[in-house]
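Below, each chain spelled out in residue letters.
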Amino acid sequence: MFGLFDKLKERGVLGINARNARFISKHNPRRLFPLVDDKLKTKALCREFGIPAPELYGTVEAHGDLRNLPKLLAPYDEFVIKPVRGAMGNGVLVVVGRDGPLYVKGSGVKLTEEEVRHYASGILSGLYSLAGNTDRAMIEYRVQLHPTFQAVSFGGVPDVRVIVCKGVPALAMLRLPTRRSDGRANLHQGAIAAGVDIATGRTHHAVQSNRLVEVHPDTGNSVIGMTVPHWDEILRIAALSAEMTGLGYIGVDVVLDANHGPLLLELNARPGLAIQIANFQGLLVPLEQIERVDTSRLDTAARIALAREIAASSRPHALPAPAEVPVLENVG
């Protein structure tokens with residue numbers, strides 16, 4: 001692992017202090033943080049700017065509203081309950097179906113109505129919110145797994161994280177759920193992080209818990225050389241998200257839905273740095289090139305073109321050949 005970090009230092013790795021001082025403090029006014037920390041505000045912005053996002057079914061504002069939760073959920077067999085001010089995917093309950101009066105989770109575990117109400121109560125109490133403050137619960141559409149990812153995911157839906165600086169996508173990674181991560185695209189819990197080339201949308205390196213990997217541990221299929229579908233639209237959502245929030249350094253999480261295509265899942269004003277390990281490339285390389293450009297004069301298309309140009313010129317390694325993604329029947 002230390003050899004990996006030593007090589008990253010040679011490739012312009014960005015440390016947390018430098019990230020905070022050179023990029024977050026410089027480009028992200030604190031008054032704008034609520035636009036991304038509050039997911040309902042983010043959804044409102046998405047509607048205003050025409051950015052697709054999972055449909056909002058409803059919200060639970062206070063404990064007194066919990067008596068109405070079954071009525072709110074009644075029209076839906078599948079849904080997601082999450083904290084409005086949550087972080088790192090904590091506190092997200094995914095219901096994939098019903099069995100009579102019971103709610104079925106992705107793992108197959110069945111919950112009673114009272115257990116779902118108790119879960120939502122924990123969200124309202126601030127169990128999963130930033131700083132532990134009281135929160136609200138939101139219920140939204142459950143994203144459907146895109147066929148492309150069936151062979152390289154286990155028990156959940158992957159997402160794409162794009163770091164955007166001054167409206168220009170700088171680095172990207174694909175997060176793939178595993179059995180160890182309990183079907184969640186959470187790197188700290190054992191999901192795979194695959195670096196994605198900004199210019200082509202193709203994966204080129206992958207890590208799991210800071211160890212290089214080439215195949216998905218649960219399916220045995222390669223995670224290298226995949227081309228992420230709808231890559232142009234994912235870059236457009238990422239670049240436009242920075243514009244709609246006014247934040248100059250931001251992490252944009254996009255999911256690929258089988259029915260609706262790319263959807264903006266959430267934004268992060270303090271994105272982590274693991275994306276560098278996934279790409280085997282430091283963030284400083286593209287960020288310093290972006291810093292030298294007056295991007296305020298560029299529209300979304302021009303900023304994406306700049307991102308592709310920087311990625312192609314600063315790529316520290318040759319891209320792997322494109323790989324065909326196995327169909328579901330071949331998944332081990």
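Note that this is a predicted model, so its numbers are computed, not measured.

Engineer: Which residues make up the side chain of Ser181, and what are the values?
Structural biologist: The residue Ser181 is located in the loop between strand 8 (168-176) and strand 9 (192-196) in this model. One polar contact links the side chain of Ser181 to the main-chain amide nitrogen of Thr178, over a distance of 2.9 Å. Not counting residues up to four positions away in its chain, the partners in contact with Ser181 are Asn186, Gln189, Gly190 and Ala191.

Engineer: Describe the packing of aromatic side chains, and please don't skip the residues or the numbers.
Structural biologist: Counted by the stated rule, this structure contains 4 aromatic pairs. Centre to centre, the rings of Tyr57 and Tyr76 are 3.7 Å apart; their planes meet at 5°, and the pair counts as stacked. In this pair, Tyr57 sits in strand 1 (residues 56-60) while Tyr76 sits in the loop between helix 5 (69-73) and strand 2 (79-83), placing the two residues 19 residues apart along the sequence. Plain terms: the ring middles of Tyr119 and Tyr128 are 5.7 Å apart, the flat faces sit at 25° to each other, and that makes the pair stacked. By relative accessible area, Tyr128 is classed as partly exposed at 24%. The positively charged end of Arg30 is found above the aromatic ring belonging to Phe33, 4.6 Å away from the centroid.

Engineer: If you had to explain the sheet that holds strand 7 (residues 159-165) to someone new, which residues and values would you point to?
Structural biologist: In space, the 7 strands of this open sheet follow the order 11-10-9-8-7-12-13, with antiparallel pairing throughout. Two strands in the sheet have a free side with no partner beyond their single neighbour: strand 11 (211-212) and strand 13 (261-268). Two strands pair when backbone bridges link them, and strand 8 and strand 9 are joined in this way by 5 bridges, in the antiparallel orientation. Within strand 9, the residue paired with Met173 across the bridge is Gly195. Sitting on the sheet, helix 9 (residues 284-291) is in contact with strand 7, strand 8 and strand 12 (249-257), with an inclination near 150° to strand 8.

Engineer: Can you tell me about the packing of helix 2 (residues 16-27) against helix 9, naming the residues and giving the values?
Structural biologist: Pairs of packed helices are described in terms of their axes, by the angle between the two and the distance that separates them. Between helix 2 and helix 9, the least distance of the axes is 13 Å, while the angle of their chain directions is 45°. In terms of orientation, helix 2 and helix 9 fall into the oblique class. Considering how the two elements wind past one another, helix 2 and helix 9 form a crossing that is left-handed. Each of Arg22, Phe23, Lys26 and His27 in helix 2 lies in contact with helix 9, whose residues at this interface are Leu284, Leu287, Glu288 and Glu291. Class assignment of the residues belonging to the contact of helix 2 with helix 9 gives a composition of 3 nonpolar, 1 polar and 4 charged.

Engineer: Give me the lowdown on unusual backbone geometry, citing residues and values where you can.
Structural biologist: Even without being a glycine, Ser209 presents a positive backbone phi close to 50°. Position of Ser209 among the secondary structure elements: in the loop between strand 10 (203-208) and strand 11. For Ser209, a relative accessible area of 38% puts it in the partly exposed group. Residue Phe280 is not a glycine yet carries a positive backbone phi of 55°. Position of Phe280 among the secondary structure elements: in the loop between helix 8 (275-279) and helix 9.

What counts and what doesn't
- By convention here, each chain's residues receive numbers from 1 onward along its written sequence.
- In keeping with the model being predicted, local features are shown solely for residues with a pLDDT of at least 70 and side-chain atom pairs are shown and tallied solely at 80 or more, while totals for entire chains, interfaces and linings include all residues.
- With hydrogens and water stripped out, all remaining heavy atoms of the structure feed into the side-chain values.
- Labels follow the DSSP assignment, with helices taken as runs of H or I lasting at least four residues and strands as runs of E lasting at least two, numbered in each case from the N terminus.
- Nitrogen and oxygen atoms within 3.5 Å of one another constitute a polar contact, given that in protein one can donate a hydrogen and the other can accept it, and given that sequence-neighbouring residues count only through two side-chain atoms.
- Any two residues whose heavy atoms approach within 4.5 Å are treated as being in contact.
- Ring pairs shown here join Phe, Tyr and Trp side chains whose ring centres sit within 6.5 Å, with only the six-membered ring taken for Trp; geometry is labelled stacked below 30 degrees between planes, edge-to-face above 60, and tilted in between.
- Exposure categories follow from relative accessible area, calculated using a 1.4 Å probe and restricted to protein chains: below 20% of the type maximum is buried, above 50% is exposed, and the middle band is partly exposed.
- For a Lys NZ or an Arg CZ to count as sitting over a ring, it must be within 6 Å of the ring centre and within 35 degrees of the ring normal.
- Being paired, for any two strands, means DSSP has found at least two bridges between them.
- Here the axes come from fitting lines to C-alpha atoms, over the contacting stretch only for helices, and the angles between their N-to-C directions go from 0 to 180 degrees.
- By definition in this entry, angles of less than 35 degrees are roughly parallel, angles greater than 145 are roughly antiparallel, angles of 65 to 115 are roughly perpendicular, and the rest are oblique.
- In this scheme the handedness of a crossing depends on how the near helix is turned from the far one: anticlockwise by less than a right angle means left-handed, clockwise means right-handed.
- Only Asp, Glu, Lys and Arg are considered charged in this grouping, and only Ala, Val, Leu, Ile, Met, Phe, Trp, Tyr, Cys and Pro are considered nonpolar; every other residue, Gly among them, is considered polar.

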